[in-house]
Amino acid sequence: MLRLCNLSVSIGRLTVTLERLDIAGKTVLIGRNGSGKTTLLRAIAGFLGAGTGKILLDGADITGLPPEKRPLGYVPQAVVPIPMPPAKQLEYFARLWGCDYRDIVEQLNLQGLLSKTRLSAGERQLLAIATSLLKQPKILLLDEPTSSLDWFNKQLVWDTLGRLDVPMLYVTHDPVEAILVAEEVALLANGVVQPSRRYPRPADLRETLETLDLYRLFDRPPASHDVHR
Amino acid sequence: MRPLHAAAIALSLGYFGILAVAPAFRADWRITPGFTESVWNTVLYASVATILCIPAAALLGYGATRLRLRFAYALILFSTAIPHTAIGVLLAPLMSSLGLFDTPGAVVFSMWIVSLPYATAIVRASLEGLGREFEEYLRCMGVGGFRLLYLHAKAASYGFAAAAMLAWLRAFSELGVLLLIAPRPITVGIQIYEIFLKYGAETVTTASLLLVPVGVVSVYLLSLVEKRAAAL
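Source: prediction; values computed, not measured. (Residues numbered from 1 in each chain as written. Chains lettered and ligands numbered in written order. Predicted model: local features only at pLDDT ≥ 70, side-chain atom pairs only at ≥ 80, totals over all residues. Heavy atoms only, no water.)

## Some thoughts on the overall build of chain B
Secondary structure assignment for chain B yields 12 helices and zero strands. Ordering the α and β elements of chain B from the N terminus gives α-α-α-α-α-α-α-α-α-α-α-α. Once the C-alpha set of chain B is aligned to its principal axes, its extents read approximately 65 × 60 × 25 Å. The buried share of chain B, taken over its 232 residues, is 41%. When the accessible surface of chain B is split by element, carbon and sulfur atoms take 71% of a total near 12,200 Å². Each charge class in chain B can be summarised by its mean position, and for the 16 positive and 11 negative side chains these summaries are 8 Å apart. (Helix = DSSP H or I, 4+ residues; strand = E, 2+ residues; numbered from the N terminus. Buried < 20%, exposed > 50% of the residue type's maximum accessible area, 1.4 Å probe, protein only. Areas by Shrake-Rupley, 256 points an atom, 1.4 Å probe, with all protein chains shown as cover. Lys, Arg positive; Asp, Glu negative; His and termini not counted. Charge placed at Lys NZ, Arg CZ, Asp CG, Glu CD.)

## Some words on the environment of Ser97(B)
All names here are of chain B. Mapping Ser97 onto the fold places it in helix α4 (residues 84–98). The exposure class assigned to Ser97 is exposed, which follows from its relative accessible area of 58%. A distance of 2.9 Å separates a polar atom in the side chain of Ser97 from the backbone oxygen of Leu94. (Polar contact = N/O pair within 3.5 Å; in protein donor to acceptor, adjacent residues only side chain to side chain.)

## A look at the interface of chain A and chain B
Opposite the 26 residues of chain A that make contact, chain B presents 17 residues. Across the chain A/chain B interface, buried area totals approximately 2,000 Å², and carbon plus sulfur atoms make up 68% of it. A per-residue breakdown of the area chain A buries against chain B is headed by Phe47(A), Glu68(A) and Pro83(A), which together make up 26% of the total. Inspection of the region where chain A meets chain B yields two salt bridges. We note a salt bridge from Glu136(B) to Arg42(A), for which the minimum N-O separation is 2.5 Å. In this assembly, chain A and chain B are joined by five residue pairs in polar contact (both at pLDDT 80 or more). Elements supplying a minimum of two residues to the side of chain A that touches chain B: α1 (37–45), β6 (72–75), α2 (86–97) and α5 (121–133) of chain A. Residues that form the side of chain A that touches chain B fall into these classes: 19 nonpolar, three polar and four charged. (Contact = heavy atoms within 4.5 Å. Buried area = accessible area lost by both parts, 1.4 Å probe. Salt bridge = Lys/Arg side-chain N within 4 Å of Asp/Glu carboxyl O. Nonpolar A, V, L, I, M, F, W, Y, C, P; charged D, E, K, R; others polar.)

## Things to note about the packing of helix α2 (residues 35–65) of chain B against helix α5 (residues 104–128) of chain B
Residue and element names in this part refer to chain B. At their nearest, the axes of α2 and α5 sit 6 Å apart, and the two run at 40° to each other. Here α2 lies oblique to α5, going by the angle between them. For the element pair α2 and α5, the recorded crossing hand is right-handed. When grouped by side-chain class, the residues that make up the contact of α2 with α5 number 22 nonpolar, five polar and two charged. (Axes fitted to C-alpha atoms, helices over the stretch in contact; angles between N-to-C directions. Parallel < 35°, antiparallel > 145°, perpendicular 65-115°, else oblique. Left-handed = near helix turned anticlockwise from the far one by under 90°.)

## Regarding the pattern of salt bridges
Enumeration according to the criterion identifies 17 salt bridges over all chains in this entry. Here Glu123(A) makes a salt bridge to Lys116(A), at a shortest N to O gap of 2.6 Å. Taking relative accessible area as the criterion, Lys116(A) reaches 34% and is therefore assigned partly exposed. Ionic pairing is found between Glu194(B) and Arg184(B), a salt bridge with its closest N-O pair at 2.9 Å. With Glu194(B) in helix α10 (residues 188–199) and Arg184(B) in the loop between α9 (176–181) and α10, this pair connects stretches of sequence that are 10 residues apart. You can call Glu194(B) partly exposed: its relative accessible area is 29%. Residue Arg184(B) is classed as partly exposed on the basis of its relative accessible area of 35%. Taken together, the salt bridges that share partners define one network made up of Arg3(A), Arg20(A) and Asp22(A).

## A closer look at unusual backbone geometry
Each neighbour pair has its own omega, and for Arg184(B) with Pro185(B) the value is -5°, a cis peptide bond. Tracing the backbone through its elements, the reader meets Pro185(B) in the loop between α9 and α10. At Asp58(A), a position not held by glycine, the phi torsion is positive, near 50°. Note on placement: Asp58(A) falls in the loop between β4 (52–57) and β5 (60–61). Residues other than glycine seldom take positive phi values, yet Glu144(A) does so here, at roughly 45°. Here Glu144(A) shows up in the loop between β7 (139–143) and α6 (151–163). Take Glu144(A): its relative accessible area is 6%, and that puts it in the buried class.

## Observations regarding the confidence of the model for chain B
When pLDDT is averaged along chain B, the result is 92, and 99% of the positions lie at 70 or above. We note a pTM of 0.82 for the whole complex and an ipTM of 0.85 for its interfaces. (pLDDT = per-residue confidence, 0-100.)

## Structural notes on the packing of α10(B) against helix α11 (residues 201–210) of chain B
Residues and elements named next belong to chain B. Closest axis-to-axis distance for the α10/α11 pair is 8 Å, and the angle between their directions is 155°. In terms of axis orientation, α10 runs roughly antiparallel to α11. Of the residues in α11, those in contact with Ile192, Ile195, Phe196 and Tyr199 of α10 are Ala201, Thr203, Val204, Ala207 and Ser208. For the contact of α10 with α11, the per-class residue count stands at seven nonpolar, two polar and no charged.

## Thoughts on the side chain of Thr146(A)
All names here are of chain A. Note on placement: Thr146 falls in the loop between β7 and α6. A polar atom in the side chain of Thr146 sits 2.4 Å from the side chain of Glu177. For Thr146, the residues in contact, after removing those within four places along its chain, are Lys154, Val157, Trp158, Tyr170 and Glu177.

## Notes on the packing of aromatic side chains
Residues and elements named next belong to chain A. Tallied over the entire structure, the rule returns five aromatic pairs over all chains. The interplanar angle of 45° and the centroid separation of 6.1 Å between the aromatic rings of Phe47 and Tyr74 together place this pair among those described as tilted. Within this pair, whereas Phe47 is found in the loop between α1 and β4, its partner Tyr74 is found in strand β6, the two being separated by 27 residues in sequence. Considering the side-chain rings of Trp151 and Trp158, the 5.8 Å spacing of their centres and the 80° angle between planes classify their relative orientation as edge-to-face. (Phe/Tyr/Trp six-rings, centres within 6.5 Å; stacked < 30°, edge-to-face > 60°.)

So this is what it looks like as C-alpha coordinates:
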(Lines give C-alpha, C1' and ligand atoms only; values in the text may rest on other atoms or scores of the structure.)
Protein backbone atom coordinates (compact mmCIF):
# COMPACT_ATOMS: atom_id res chain seq x y z
CA MET A 1 0.00 0.00 0.00
CA LEU A 2 1.13 3.53 -0.81
CA ARG A 3 0.44 6.08 1.89
CA LEU A 4 0.92 9.80 1.35
CA CYS A 5 0.94 11.86 4.54
CA ASN A 6 0.79 15.66 4.83
CA LEU A 7 2.48 15.99 1.48
CA SER A 8 3.22 19.32 -0.13
CA VAL A 9 4.83 19.57 -3.56
CA SER A 10 5.64 22.79 -5.36
CA ILE A 11 6.81 23.56 -8.84
CA GLY A 12 6.90 27.16 -9.97
CA ARG A 13 3.73 28.79 -8.69
CA LEU A 14 1.86 25.51 -8.39
CA THR A 15 1.59 23.80 -5.02
CA VAL A 16 -0.22 20.54 -4.43
CA THR A 17 -1.03 19.48 -0.91
CA LEU A 18 -2.74 16.54 0.64
CA GLU A 19 -3.38 15.39 4.16
CA ARG A 20 -3.65 11.69 3.66
CA LEU A 21 -4.11 9.38 0.68
CA ASP A 22 -3.93 5.60 0.87
CA ILE A 23 -3.70 3.55 -2.29
CA ALA A 24 -4.19 -0.19 -1.99
CA GLY A 25 -6.14 -0.95 -5.14
CA LYS A 26 -6.99 0.88 -8.34
CA THR A 27 -7.23 4.54 -7.37
CA VAL A 28 -7.85 7.22 -9.93
CA LEU A 29 -6.83 10.80 -9.29
CA ILE A 30 -8.91 13.16 -11.38
CA GLY A 31 -8.29 16.83 -11.88
CA ARG A 32 -8.41 19.46 -14.56
CA ASN A 33 -5.55 20.36 -16.86
CA GLY A 34 -2.88 22.20 -14.94
CA SER A 35 -4.23 21.14 -11.53
CA GLY A 36 -0.97 19.40 -10.58
CA LYS A 37 -1.71 15.72 -11.20
CA THR A 38 1.54 15.08 -13.05
CA THR A 39 3.41 17.14 -10.46
CA LEU A 40 2.12 14.91 -7.68
CA LEU A 41 2.89 11.75 -9.63
CA ARG A 42 6.43 12.89 -10.37
CA ALA A 43 6.94 13.68 -6.71
CA ILE A 44 5.83 10.18 -5.73
CA ALA A 45 8.15 8.75 -8.38
CA GLY A 46 11.01 10.82 -6.95
CA PHE A 47 11.61 13.36 -9.70
CA LEU A 48 10.40 16.26 -7.58
CA GLY A 49 11.23 16.77 -3.95
CA ALA A 50 8.37 16.95 -1.49
CA GLY A 51 8.49 20.19 0.48
CA THR A 52 6.91 18.50 3.47
CA GLY A 53 5.35 15.18 4.30
CA LYS A 54 6.10 11.53 3.83
CA ILE A 55 5.68 8.91 1.17
CA LEU A 56 5.37 5.43 2.67
CA LEU A 57 5.31 2.25 0.64
CA ASP A 58 4.29 -0.84 2.61
CA GLY A 59 5.37 1.01 5.72
CA ALA A 60 8.82 1.96 4.44
CA ASP A 61 9.60 5.65 4.08
CA ILE A 62 10.72 6.23 0.49
CA THR A 63 10.50 10.04 0.60
CA GLY A 64 14.25 10.55 0.34
CA LEU A 65 15.01 7.75 -2.10
CA PRO A 66 16.06 8.49 -5.71
CA PRO A 67 13.70 7.23 -8.43
CA GLU A 68 15.95 4.30 -9.30
CA LYS A 69 15.63 2.93 -5.76
CA ARG A 70 11.88 3.33 -5.31
CA PRO A 71 10.03 0.03 -5.75
CA LEU A 72 7.38 1.46 -8.01
CA GLY A 73 6.58 1.50 -11.71
CA TYR A 74 5.95 4.70 -13.63
CA VAL A 75 4.27 4.99 -17.00
CA PRO A 76 4.37 8.60 -18.26
CA GLN A 77 1.79 10.30 -20.41
CA ALA A 78 3.88 10.42 -23.55
CA VAL A 79 4.57 7.08 -25.21
CA VAL A 80 8.18 6.25 -24.42
CA PRO A 81 10.25 5.36 -27.52
CA ILE A 82 12.51 2.60 -26.21
CA PRO A 83 14.80 1.90 -29.18
CA MET A 84 14.43 -1.88 -29.31
CA PRO A 85 11.99 -4.37 -30.82
CA PRO A 86 9.34 -5.45 -28.25
CA ALA A 87 10.88 -8.83 -27.42
CA LYS A 88 14.36 -7.34 -27.08
CA GLN A 89 13.02 -4.57 -24.85
CA LEU A 90 11.39 -7.05 -22.49
CA GLU A 91 14.48 -9.26 -22.56
CA TYR A 92 16.76 -6.30 -21.78
CA PHE A 93 14.83 -5.16 -18.73
CA ALA A 94 14.08 -8.70 -17.57
CA ARG A 95 17.84 -9.31 -17.54
CA LEU A 96 18.31 -6.07 -15.59
CA TRP A 97 15.83 -7.22 -12.95
CA GLY A 98 16.75 -10.90 -13.03
CA CYS A 99 13.31 -12.18 -13.99
CA ASP A 100 11.56 -13.97 -16.83
CA TYR A 101 9.55 -11.70 -19.12
CA ARG A 102 7.49 -14.58 -20.48
CA ASP A 103 5.34 -14.64 -17.34
CA ILE A 104 4.32 -11.02 -17.89
CA VAL A 105 3.70 -11.65 -21.59
CA GLU A 106 1.38 -14.53 -20.74
CA GLN A 107 -0.40 -12.63 -17.98
CA LEU A 108 -1.09 -9.65 -20.22
CA ASN A 109 -1.69 -11.70 -23.35
CA LEU A 110 0.98 -9.89 -25.33
CA GLN A 111 2.26 -12.81 -27.41
CA GLY A 112 1.05 -11.23 -30.63
CA LEU A 113 2.90 -8.05 -29.89
CA LEU A 114 6.35 -9.62 -29.61
CA SER A 115 6.71 -10.45 -33.26
CA LYS A 116 5.63 -7.02 -34.50
CA THR A 117 8.09 -4.40 -35.67
CA ARG A 118 5.59 -1.54 -35.82
CA LEU A 119 3.30 -1.04 -32.84
CA SER A 120 0.24 1.13 -32.50
CA ALA A 121 0.31 3.79 -29.79
CA GLY A 122 -1.83 1.58 -27.55
CA GLU A 123 0.47 -1.38 -28.04
CA ARG A 124 3.47 0.75 -27.16
CA GLN A 125 1.76 1.85 -23.97
CA LEU A 126 0.99 -1.78 -23.16
CA LEU A 127 4.61 -2.63 -23.76
CA ALA A 128 5.66 0.21 -21.43
CA ILE A 129 3.27 -1.14 -18.77
CA ALA A 130 4.52 -4.71 -19.24
CA THR A 131 8.13 -3.52 -19.03
CA SER A 132 7.49 -1.60 -15.83
CA LEU A 133 5.91 -4.75 -14.33
CA LEU A 134 9.20 -6.62 -14.82
CA LYS A 135 10.49 -4.64 -11.88
CA GLN A 136 7.73 -6.24 -9.75
CA PRO A 137 6.72 -2.82 -8.48
CA LYS A 138 4.69 -2.50 -5.33
CA ILE A 139 2.58 0.13 -7.04
CA LEU A 140 2.12 1.39 -10.57
CA LEU A 141 1.90 5.12 -11.30
CA LEU A 142 0.17 5.90 -14.58
CA ASP A 143 0.02 9.43 -15.91
CA GLU A 144 -2.95 9.68 -18.30
CA PRO A 145 -1.70 6.62 -20.19
CA THR A 146 -4.54 6.70 -22.72
CA SER A 147 -4.72 10.44 -23.37
CA SER A 148 -3.18 10.19 -26.85
CA LEU A 149 -4.87 6.92 -27.79
CA ASP A 150 -7.92 6.30 -29.90
CA TRP A 151 -10.99 4.51 -28.52
CA PHE A 152 -9.83 1.02 -29.48
CA ASN A 153 -6.35 1.46 -28.06
CA LYS A 154 -7.84 2.95 -24.89
CA GLN A 155 -9.91 -0.20 -24.39
CA LEU A 156 -6.85 -2.34 -24.97
CA VAL A 157 -5.06 -0.55 -22.15
CA TRP A 158 -8.08 -0.49 -19.81
CA ASP A 159 -8.72 -4.20 -20.32
CA THR A 160 -5.08 -5.00 -19.59
CA LEU A 161 -4.98 -2.82 -16.48
CA GLY A 162 -8.20 -4.43 -15.31
CA ARG A 163 -6.45 -7.82 -15.28
CA LEU A 164 -3.57 -6.61 -13.09
CA ASP A 165 -3.38 -7.31 -9.41
CA VAL A 166 -0.97 -4.45 -8.67
CA PRO A 167 -2.12 -1.37 -6.77
CA MET A 168 -2.10 1.64 -9.02
CA LEU A 169 -2.51 5.37 -8.96
CA TYR A 170 -4.02 6.32 -12.31
CA VAL A 171 -4.19 9.98 -13.22
CA THR A 172 -6.76 11.37 -15.62
CA HIS A 173 -8.85 14.44 -16.28
CA ASP A 174 -11.69 12.34 -17.71
CA PRO A 175 -14.44 11.25 -15.31
CA VAL A 176 -15.70 8.67 -17.82
CA GLU A 177 -12.28 7.05 -17.90
CA ALA A 178 -12.21 7.19 -14.10
CA ILE A 179 -15.47 5.26 -13.93
CA LEU A 180 -14.13 2.59 -16.23
CA VAL A 181 -10.83 2.13 -14.38
CA ALA A 182 -11.23 3.03 -10.73
CA GLU A 183 -12.17 1.27 -7.56
CA GLU A 184 -11.74 4.56 -5.71
CA VAL A 185 -11.50 8.12 -6.89
CA ALA A 186 -9.62 11.08 -5.45
CA LEU A 187 -10.09 14.64 -6.65
CA LEU A 188 -7.36 17.24 -7.08
CA ALA A 189 -8.81 20.72 -7.17
CA ASN A 190 -7.47 24.13 -6.16
CA GLY A 191 -4.16 22.54 -5.24
CA VAL A 192 -5.65 20.15 -2.69
CA VAL A 193 -6.12 16.41 -3.02
CA GLN A 194 -9.29 15.36 -1.31
CA PRO A 195 -9.46 11.94 0.33
CA SER A 196 -10.42 9.16 -2.04
CA ARG A 197 -13.84 7.66 -1.92
CA ARG A 198 -15.71 4.84 -3.52
CA TYR A 199 -18.44 5.84 -5.89
CA PRO A 200 -21.56 4.12 -7.15
CA ARG A 201 -20.33 2.24 -10.23
CA PRO A 202 -22.84 1.83 -13.07
CA ALA A 203 -24.89 -1.32 -12.60
CA ASP A 204 -23.58 -2.77 -15.81
CA LEU A 205 -20.19 -1.38 -16.71
CA ARG A 206 -19.97 -3.42 -19.87
CA GLU A 207 -23.28 -1.98 -21.07
CA THR A 208 -22.03 1.53 -20.26
CA LEU A 209 -18.89 0.88 -22.29
CA GLU A 210 -20.89 -0.42 -25.22
CA THR A 211 -23.18 2.61 -25.08
CA LEU A 212 -20.15 4.92 -25.26
CA ASP A 213 -18.67 3.02 -28.19
CA LEU A 214 -20.24 4.96 -31.05
CA TYR A 215 -18.14 3.02 -33.57
CA ARG A 216 -20.45 0.07 -32.97
CA LEU A 217 -23.33 2.18 -34.25
CA PHE A 218 -21.87 1.83 -37.73
CA ASP A 219 -21.31 -1.92 -37.52
CA ARG A 220 -24.94 -2.59 -38.33
CA PRO A 221 -27.09 -1.21 -41.17
CA PRO A 222 -29.05 1.87 -40.09
CA ALA A 223 -32.71 1.60 -39.23
CA SER A 224 -34.82 4.42 -40.66
CA HIS A 225 -35.05 6.23 -37.32
CA ASP A 226 -31.25 6.12 -36.89
CA VAL A 227 -30.46 8.16 -39.93
CA HIS A 228 -30.23 11.89 -39.46
CA ARG A 229 -31.54 13.77 -42.44
CA MET B 1 4.86 28.35 -59.06
CA ARG B 2 4.22 30.34 -55.90
CA PRO B 3 6.40 33.40 -55.21
CA LEU B 4 8.00 31.92 -52.05
CA HIS B 5 8.79 28.71 -53.93
CA ALA B 6 10.38 30.65 -56.75
CA ALA B 7 12.36 32.88 -54.39
CA ALA B 8 13.74 29.89 -52.45
CA ILE B 9 14.71 28.06 -55.63
CA ALA B 10 16.28 31.18 -57.13
CA LEU B 11 18.29 31.86 -53.97
CA SER B 12 19.60 28.30 -53.72
CA LEU B 13 20.45 28.12 -57.43
CA GLY B 14 22.09 31.52 -57.26
CA TYR B 15 24.17 30.43 -54.27
CA PHE B 16 25.28 27.24 -55.97
CA GLY B 17 25.87 29.10 -59.22
CA ILE B 18 28.20 31.64 -57.60
CA LEU B 19 30.22 28.98 -55.78
CA ALA B 20 30.32 26.12 -58.25
CA VAL B 21 29.07 27.00 -61.72
CA ALA B 22 30.63 30.37 -62.50
CA PRO B 23 34.17 29.33 -61.47
CA ALA B 24 33.89 26.21 -63.64
CA PHE B 25 34.10 28.39 -66.73
CA ARG B 26 37.54 29.65 -65.63
CA ALA B 27 38.99 26.31 -64.50
CA ASP B 28 41.79 24.70 -66.48
CA TRP B 29 40.82 21.26 -65.11
CA ARG B 30 44.37 20.35 -64.18
CA ILE B 31 44.85 18.76 -60.79
CA THR B 32 47.56 20.46 -58.74
CA PRO B 33 50.38 18.19 -57.50
CA GLY B 34 49.76 16.84 -54.02
CA PHE B 35 46.03 17.49 -54.21
CA THR B 36 45.04 13.84 -53.89
CA GLU B 37 47.37 13.33 -50.94
CA SER B 38 45.94 16.39 -49.19
CA VAL B 39 42.37 15.17 -49.73
CA TRP B 40 43.16 11.72 -48.31
CA ASN B 41 44.91 13.32 -45.33
CA THR B 42 41.91 15.52 -44.70
CA VAL B 43 39.44 12.63 -44.99
CA LEU B 44 41.51 10.53 -42.59
CA TYR B 45 42.05 13.21 -39.96
CA ALA B 46 38.46 14.47 -40.17
CA SER B 47 37.23 10.91 -39.63
CA VAL B 48 39.44 10.40 -36.58
CA ALA B 49 38.40 13.78 -35.18
CA THR B 50 34.74 12.90 -35.69
CA ILE B 51 35.08 9.53 -33.96
CA LEU B 52 36.61 11.33 -30.98
CA CYS B 53 34.07 14.14 -31.15
CA ILE B 54 30.84 12.16 -30.92
CA PRO B 55 31.31 10.63 -27.44
CA ALA B 56 32.24 14.06 -26.11
CA ALA B 57 29.23 15.63 -27.84
CA ALA B 58 27.00 12.88 -26.43
CA LEU B 59 28.16 13.56 -22.89
CA LEU B 60 27.88 17.34 -23.26
CA GLY B 61 24.53 17.19 -25.05
CA TYR B 62 23.18 14.85 -22.38
CA GLY B 63 24.56 17.11 -19.65
CA ALA B 64 22.90 20.16 -21.20
CA THR B 65 19.57 18.38 -21.69
CA ARG B 66 19.12 16.10 -18.71
CA LEU B 67 21.62 17.18 -16.08
CA ARG B 68 20.68 20.86 -16.35
CA LEU B 69 24.32 21.73 -17.08
CA ARG B 70 23.48 24.54 -19.45
CA PHE B 71 26.60 26.40 -18.38
CA ALA B 72 28.68 23.48 -19.69
CA TYR B 73 26.93 23.84 -23.01
CA ALA B 74 27.66 27.58 -23.07
CA LEU B 75 31.32 26.87 -22.26
CA ILE B 76 31.55 24.86 -25.47
CA LEU B 77 29.36 26.91 -27.78
CA PHE B 78 31.12 30.24 -27.20
CA SER B 79 33.97 29.20 -29.53
CA THR B 80 31.67 29.37 -32.56
CA ALA B 81 31.81 33.16 -32.28
CA ILE B 82 35.58 33.28 -32.41
CA PRO B 83 37.49 33.40 -35.72
CA HIS B 84 39.36 30.17 -36.14
CA THR B 85 42.67 31.94 -36.53
CA ALA B 86 42.07 33.35 -33.05
CA ILE B 87 41.38 29.83 -31.79
CA GLY B 88 44.70 28.81 -33.33
CA VAL B 89 46.40 31.64 -31.42
CA LEU B 90 44.76 30.52 -28.18
CA LEU B 91 45.83 26.90 -28.72
CA ALA B 92 49.39 27.75 -29.77
CA PRO B 93 50.94 27.81 -26.25
CA LEU B 94 49.44 24.37 -25.46
CA MET B 95 50.65 22.91 -28.73
CA SER B 96 54.07 24.39 -28.09
CA SER B 97 54.36 22.98 -24.59
CA LEU B 98 53.30 19.54 -25.79
CA GLY B 99 55.58 19.71 -28.85
CA LEU B 100 52.64 19.04 -31.14
CA PHE B 101 53.05 21.69 -33.86
CA ASP B 102 52.83 20.26 -37.35
CA THR B 103 51.82 16.78 -36.24
CA PRO B 104 48.86 14.57 -37.12
CA GLY B 105 47.82 14.92 -33.47
CA ALA B 106 47.60 18.69 -33.84
CA VAL B 107 45.55 18.34 -37.04
CA VAL B 108 43.10 15.96 -35.38
CA PHE B 109 42.92 18.11 -32.25
CA SER B 110 42.24 21.27 -34.28
CA MET B 111 39.45 19.56 -36.17
CA TRP B 112 38.04 18.15 -32.93
CA ILE B 113 38.02 21.56 -31.28
CA VAL B 114 36.08 23.25 -34.08
CA SER B 115 33.62 20.37 -34.65
CA LEU B 116 32.65 19.77 -31.05
CA PRO B 117 30.28 22.76 -30.62
CA TYR B 118 28.26 21.86 -33.73
CA ALA B 119 28.05 18.19 -32.87
CA THR B 120 27.01 19.05 -29.31
CA ALA B 121 24.27 21.40 -30.51
CA ILE B 122 22.76 18.75 -32.77
CA VAL B 123 23.01 16.01 -30.14
CA ARG B 124 21.37 18.32 -27.63
CA ALA B 125 18.50 19.10 -30.00
CA SER B 126 17.90 15.43 -30.74
CA LEU B 127 17.93 14.50 -27.04
CA GLU B 128 15.48 17.33 -26.29
CA GLY B 129 13.21 15.74 -28.87
CA LEU B 130 13.03 12.56 -26.78
CA GLY B 131 11.22 14.35 -24.01
CA ARG B 132 11.71 14.29 -20.27
CA GLU B 133 9.42 11.27 -19.89
CA PHE B 134 11.93 9.03 -21.69
CA GLU B 135 14.58 9.60 -19.03
CA GLU B 136 12.08 9.40 -16.17
CA TYR B 137 10.68 6.09 -17.35
CA LEU B 138 14.16 4.61 -17.70
CA ARG B 139 15.28 5.86 -14.31
CA CYS B 140 12.20 4.36 -12.70
CA MET B 141 13.17 1.12 -14.40
CA GLY B 142 16.49 1.27 -12.56
CA VAL B 143 18.58 2.40 -15.53
CA GLY B 144 21.32 4.85 -14.59
CA GLY B 145 24.81 6.08 -15.44
CA PHE B 146 26.29 5.30 -18.84
CA ARG B 147 23.57 2.78 -19.55
CA LEU B 148 21.12 5.70 -19.51
CA LEU B 149 23.33 7.65 -21.91
CA TYR B 150 23.60 4.61 -24.17
CA LEU B 151 19.81 4.22 -24.40
CA HIS B 152 19.42 7.93 -25.11
CA ALA B 153 21.98 7.65 -27.90
CA LYS B 154 20.23 4.59 -29.31
CA ALA B 155 16.84 6.33 -29.24
CA ALA B 156 18.28 9.46 -30.87
CA SER B 157 20.52 7.54 -33.26
CA TYR B 158 19.52 9.57 -36.31
CA GLY B 159 20.32 12.76 -34.47
CA PHE B 160 23.69 11.34 -33.55
CA ALA B 161 24.28 10.31 -37.16
CA ALA B 162 23.46 13.85 -38.28
CA ALA B 163 25.81 15.23 -35.61
CA ALA B 164 28.60 12.94 -36.81
CA MET B 165 28.09 13.95 -40.42
CA LEU B 166 28.10 17.66 -39.64
CA ALA B 167 31.11 17.27 -37.37
CA TRP B 168 32.92 15.52 -40.21
CA LEU B 169 32.02 18.25 -42.69
CA ARG B 170 33.17 20.93 -40.24
CA ALA B 171 36.43 19.09 -39.65
CA PHE B 172 37.01 18.52 -43.36
CA SER B 173 36.59 22.21 -44.16
CA GLU B 174 38.76 23.51 -41.33
CA LEU B 175 41.49 26.01 -42.21
CA GLY B 176 41.97 28.79 -39.63
CA VAL B 177 43.26 26.73 -36.70
CA LEU B 178 45.33 24.49 -38.96
CA LEU B 179 47.05 27.51 -40.52
CA LEU B 180 48.46 28.49 -37.15
CA ILE B 181 49.26 25.24 -35.42
CA ALA B 182 49.19 22.39 -37.96
CA PRO B 183 49.88 23.32 -41.60
CA ARG B 184 51.56 19.93 -41.86
CA PRO B 185 50.75 17.12 -42.55
CA ILE B 186 49.08 18.97 -45.37
CA THR B 187 45.31 19.08 -45.55
CA VAL B 188 43.29 20.23 -48.53
CA GLY B 189 42.37 23.65 -47.13
CA ILE B 190 46.03 24.42 -46.38
CA GLN B 191 47.15 23.23 -49.80
CA ILE B 192 44.65 25.42 -51.62
CA TYR B 193 45.62 28.42 -49.45
CA GLU B 194 49.36 27.97 -50.02
CA ILE B 195 49.01 27.57 -53.79
CA PHE B 196 46.65 30.55 -53.90
CA LEU B 197 49.24 32.72 -52.12
CA LYS B 198 52.04 31.59 -54.48
CA TYR B 199 50.32 31.34 -57.85
CA GLY B 200 46.90 32.97 -57.59
CA ALA B 201 43.30 31.79 -57.69
CA GLU B 202 43.26 30.39 -61.20
CA THR B 203 45.79 27.70 -60.35
CA VAL B 204 43.61 26.23 -57.60
CA THR B 205 40.19 26.74 -59.14
CA THR B 206 40.03 23.12 -60.34
CA ALA B 207 41.11 21.77 -56.96
CA SER B 208 38.47 23.90 -55.24
CA LEU B 209 35.76 22.77 -57.66
CA LEU B 210 36.67 19.13 -57.10
CA LEU B 211 35.66 19.58 -53.47
CA VAL B 212 32.11 20.55 -54.41
CA PRO B 213 31.02 16.91 -54.93
CA VAL B 214 32.29 16.13 -51.41
CA GLY B 215 29.84 18.66 -50.03
CA VAL B 216 27.00 17.62 -52.32
CA VAL B 217 27.33 13.91 -51.51
CA SER B 218 27.63 14.61 -47.79
CA VAL B 219 24.55 16.80 -47.74
CA TYR B 220 22.60 14.19 -49.71
CA LEU B 221 23.55 11.53 -47.15
CA LEU B 222 22.51 13.90 -44.39
CA SER B 223 19.13 14.41 -46.02
CA LEU B 224 18.66 10.63 -46.15
CA VAL B 225 19.34 10.44 -42.43
CA GLU B 226 16.85 13.23 -41.75
CA LYS B 227 14.26 11.54 -43.92
CA ARG B 228 14.61 8.28 -42.02
CA ALA B 229 14.37 10.13 -38.70
CA ALA B 230 11.23 11.97 -39.81
CA ALA B 231 9.63 8.71 -40.90
CA LEU B 232 9.87 7.25 -37.37
